[in-house]
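Observations on the three-dimensional arrangement
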Amino acid sequence: MRIRTTRRETLKLGAMATVGVAGTSGGTFGPAADDGLLLTADLMFDGHRFVEKAAVLVRGGKVIRSGPARAVRDPSARRLALGSATIAPGMIDLHVHATQNRVPFDRILAHGVTTIRDLGGDLRAAHGGHRGPGRLRYVAAGPLVTVPGGYPIPVWGTGLAAVIDGPESARETVARLVGQGAAVIKLALEPGGEAGAPWSGDHASTPPPWPLPSVEEARAVVQEAHRRGRKVTAHIGEERGARIALDAGVDEWAHSPSDPIPEDLLEKAARRGVRMVGTLDTQSHTKGAVRNAKLFVSHGGRLLYGTDMAHPEIPHGFDSQELSLMTHVGLSLEEALAGATSLAGEQLGLAPLGSLRPGAPADLVAAAGDIRQGHGAVKSLEYPFLVMTGGRLVVTP
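Summarised in this report is the structure supplied together with it. Since we're looking at a predicted model, the values are computed, not measured. (Residues numbered from 1 in each chain as written. Predicted model: local features only at pLDDT ≥ 70, side-chain atom pairs only at ≥ 80, totals over all residues. Heavy atoms only, no water.)

Describing the nonpolar core
- Of all hydrophobic cores here, the largest spans 92 residues; its most connected members are Ile116, Ile185, Val221, Trp253, Leu303 and Leu381.
- For Ile185, the contacting residues outside a window of four places in its chain are Val145, Val174, Leu177, Val178, Val221, Ala225, Arg230, Lys231, Val232 and Thr233.
- Formed by 23 residues, the second largest nonpolar core is a distinct cluster that contains Leu39, Leu82, Phe385 and Met388. (Core = buried A, V, L, I, M, F, W, Y, C linked by side-chain atoms within 4.5 Å. Buried < 20%, exposed > 50% of the residue type's maximum accessible area, 1.4 Å probe, protein only. Contact = heavy atoms within 4.5 Å.)

What follows is the structure in structure tokens.
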């Protein structure tokens with residue numbers, strides 16, 4: 001990739017060689033854009049739409065302006081002309097298991113994902129050290145709320161479980177998790193046994209079916225979470241879990257269910273504003289995941305990007321196959337990308353994170369070529385040649 005610079009606004013590229021990104025043990029960073037950095041490219045996705053011949057101006061860790069290059073100017077800013085490339089917000093993965101499976105944060109960041117939500121991860125990692133310029137943004141649910149003997153205990157053991165026994169216990173558990181830093185509460189509504197699901201129970205300590213929280217317990221989880229300003233996402237694999245989630249008022253389904261769900265339940269979920277995180281790639285061998293997502297979208301449901309990262313065959317970074325499957329079930333490319341950027345930021349309660357609108361955190365990536373030109377082009381987002389987080393360049397040309 002050739003970098004074009006003006007005579008007056010030359011970037012000292014020798015000082016911007018690719019650097020290590022911060023992981024669980026720290027790291028070094030590239031230069032900050034505190035004095036202003038103007039990036040231009042043939043194409044930009046701003047979190048909502050594509051813009052051709054575009055530019056984004058970054059200063060002080062924030063996006064100042066973005067849009068057509070002719071309208072975004074600042075003579076005092078350094079300029080980085082990327083040419084035949086696509087600029088986009090840093091990708092947001094709403095469903096990972098990075099800390100449990102020790103996926104290096106620097107690897108995730110280097111491959112285009114600048115924010116992760118760990119649904120079953122270490123809450124300690126959410127405190128200090130993993131936020132701020134040059135670092136992966138990390139939010140977590142902590143352990144899954146479940147009942148004695150319920151998922152994830154038969155598959156992953158007690159370390160990922162927060163066991164409840166009745167509605168009052170559910171409220172106390174939610175209060176404790178929020179106090180420990182949980183950004184979202186994850187509720188396990190998984191009896192096991194769905195064919196092809198990564199958690200199907202083939203290596204479980206006890207065979208399915210596994211016990212599920214009652215509607216009353218699930219409702220207590222939701223009510224306490226909402227009282228404390230948190231959403232509830234539910235691990236759902238089949239119809240019974242979906243019915244409990246709808247009766248309890250759960251905000252989000254952490255997966256498109258593995259088994260086929262009756263269409264009327266999917267329509268009801270869409271009508272009530274439930275969000276669905278796809279994880280379609282990791283569930284590609286199930287009977288229901290793609291089918292359920294397609295019906296959900298057809299009824300106006302909002303499908304968001306999440307991969308279940310750390311499962312086998314899922315990249316430790318952006319997963320272009322997941323995005324392609326999102327378009328396969330009825331989303332346009334712009335809608336699918338929004339589900340991985342601006343809409344994901346909204347779901348986290350961190351908007352305008354995930355967009356390149358003024359005031360948004362300067363988390364962005366650049367990939368070679370025009371990503372609108374099919375799956376092979378979108379795959380370039382898995383290998384960005386530029387990554388910035390919080391206005392700090394961590395991967396550079």
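Details of the pairing of strand β3 (residues 62-68)
- Pairing between strand β2 (residues 50-59) and β3: 6 bridges, direction antiparallel. Bridge pairing in β3 places Arg59 opposite Lys62.
- Hairpin connection, β2 to β3: the antiparallel pair is bridged by 2 residues, and Gly60 has positive phi, about 60 degrees. (Pairing = 2+ DSSP bridges. Helix = DSSP H or I, 4+ residues; strand = E, 2+ residues; numbered from the N terminus.)

A word on unusual backbone geometry
- The step from Pro208 to Pro209 runs through a cis peptide bond, and the omega angle for that step is 5 degrees.
- Note the cis peptide between Ala351 and Pro352, where omega equals 10 degrees.
- Position of Pro352 relative to the elements: it lies in the loop between α10 (342-347) and β16 (364-368).
- One non-glycine residue, Lys53, lies in positive phi territory at about 45 degrees.
- Structurally, Lys53 can be placed in strand β2.

Examining the packing of aromatic side chains
- Per the counting criterion, the structure on display carries 4 aromatic pairs.
- Here the aromatic rings of Tyr305 and Phe318 are separated by 5.4 Å at their centres, their planes lie at 25 degrees, and the arrangement is stacked. Of this pair, Tyr305 sits in the loop between β15 (302-304) and α8 (320-328) while Phe318 sits in the loop between β15 and α8, and the two are 13 residues apart along the sequence. Each member of the pair, Tyr305 as well as Phe318, is classed as buried. (Phe/Tyr/Trp six-rings, centres within 6.5 Å; stacked < 30°, edge-to-face > 60°.)

So, the packing of helix α6 (residues 263-271) against helix α7 (residues 289-298)
- In the contact formed by α6 and α7, the axes pass within 9 Å of each other and the chain directions differ by 50 degrees. If you check the angle between α6 and α7, you find them oblique. Where α6 crosses over α7, the two elements pack in a sense that is right-handed. Along the contact surface, α6 presents Glu263, Leu266, Ala269 and Ala270, while α7 presents Arg291, Asn292, Leu295 and Phe296.
- Of the residues in the contact of α6 with α7, the class split is 5 nonpolar, 1 polar and 2 charged. (Axes fitted to C-alpha atoms, helices over the stretch in contact; angles between N-to-C directions. Parallel < 35°, antiparallel > 145°, perpendicular 65-115°, else oblique. Left-handed = near helix turned anticlockwise from the far one by under 90°. Nonpolar A, V, L, I, M, F, W, Y, C, P; charged D, E, K, R; others polar.)

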